[in-house]
Amino acid sequence: MTREQIRSYLEFYRDLGIDSIYRRSDALATCPAKPDVALPDLAPKVDGLDQIRLDIGDCKRCRLSEKRTNIVFGSGNETAKLVFVGEGPGADEDEQGLPFVGRAGQLLTQMIDNTAAKEGIPITRAEVYICNVVKCRPPENRTPQPDEMEICGQFLYRQLMTIRPKAICALGSTAMKALLNSKEGITRLRGKWHKWRDIPVMITYHPSYLLRQYNQTARREAWEDLKALLHFVYD
Ligand code: URA
């Protein structure tokens with residue numbers, strides 16, 4: 001790595017509010033842009049959601065900034081016991097600056113509210129926190145690329161470390177890859193408990209995928225995943 005590259009990495013981390021850097025022996029420390037590696041464990045000692053939003057600023061750290069209208073940071077209860085992580089903003093979210101407000105968001109809201117009501121769990125969407133792996137809309141809603149996930153993943157890492165929920169729900173395979181760094185398909189991993197750091201993670205289908213499914217199997221499975229998740233967090 002050249003001195004110039006080292007300088008730009010250090011500036012990048014300083015922008016994130018990180019003032020001490022140590023070297024790890026694994027590939028992540030030496031190759032931040034390595035595909036398949038997401039959410040590097042870097043955060044300032046004292047952190048908070050307002051600070052993270054401030055550090056993001058008018059972000060130009062990756063190409064997703066070029067076409068975005070708004071940065072979609074996250075919304076909901078900042079002391080939530082449950083955090084949902086999606087992939088990245090769509091057109092409606094980009095316009096409003098809020099996560100999951102379009103069609104997929106409406107389905108997610110219904111799923112949370114209706115499952116909780118049916119199961120006698122007194123929560124609604126307002127009780128949870130919702131954010132995405134990348135905070136700017138990928139053009140044409142394409143899947144975020146590994147370097148975009150890695151750059152923005154720093155902020156997701158800090159959001160999760162700050163909120164420290166009782167559980168995380170990864171919606172779809174981009175969130176699954178960011179949190180678990182797994183190469184497995186979502187159909188194998190959904191519906192089971194995994195861990196991000198010491199926090200239990202439930203993987204389930206992304207609501208956009210459920211909107212495209214004409215057979216009921218995936219929808220039924222997603223409802224089952226959510227039921228298990230809500231009981232685990234709120235019983
Ligand atoms: N899809 C996502 O992954 N996130 C959103 O915020 C909206 C749609």
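Reference entry: report on the structure contained in this document. (Residues numbered from 1 in each chain as written. Predicted model: local features only at pLDDT ≥ 70, side-chain atom pairs only at ≥ 80, totals over all residues. Heavy atoms only, no water.)

Section: the sheet that holds strand E6 (residues 199–204)
Phase 1: The mixed open sheet is built from 6 strands, whose spatial order is E1-E3-E2-E4-E6-E5. Taken across any chain shown, the strands that pair with only one partner, and hence form the sheet edges, are strand E1 (75–76) and strand E5 (193–196).
Phase 2: Direction of pairing for strand E2 (residues 82–86) relative to strand E4 (residues 167–171): parallel, over a ladder of 4 bridges. Its bridge partner being in E4, Leu 82 is matched across the sheet by Ala 167. (Pairing = 2+ DSSP bridges. Helix = DSSP H or I, 4+ residues; strand = E, 2+ residues; numbered from the N terminus.)

Let's talk about the pairing of strand E3 (residues 129–132)
Phase 1: Burial along E3 is two-sided: Tyr 129 and Cys 131 facing one way and Ile 130 and Asn 132 facing the other are all buried.
Phase 2: For E1 and E3, the ladder comprises 2 bridges, and the chain directions are antiparallel. Of the residues in E3, the one forming a bridge with Gly 76 is Tyr 129.
Phase 3: Relative to E3, E2 is paired through 4 bridges, and the arrangement is parallel. Within E3, the position partnered with Val 85 by the bridge is Cys 131. (Buried < 20%, exposed > 50% of the residue type's maximum accessible area, 1.4 Å probe, protein only.)

Quick look at the packing of helix H3 (residues 49–56) against helix H6 (residues 146–163)
Phase 1: For the pair H3 and H6, the least separation of the axes is 9 Å and the interaxial angle reads 170°. What the angle tells us is that H3 and H6 run roughly antiparallel. Across the interface between the two elements, Leu 49, Gln 51, Ile 52, Asp 55 and Ile 56 of H3 pack against Phe 155, Arg 158, Gln 159, Thr 162 and Ile 163 of H6.
Phase 2: Taken together, the residues of the contact of H3 with H6 sort by class into 5 nonpolar, 3 polar and 2 charged. (Axes fitted to C-alpha atoms, helices over the stretch in contact; angles between N-to-C directions. Parallel < 35°, antiparallel > 145°, perpendicular 65-115°, else oblique. Contact = heavy atoms within 4.5 Å. Nonpolar A, V, L, I, M, F, W, Y, C, P; charged D, E, K, R; others polar.)

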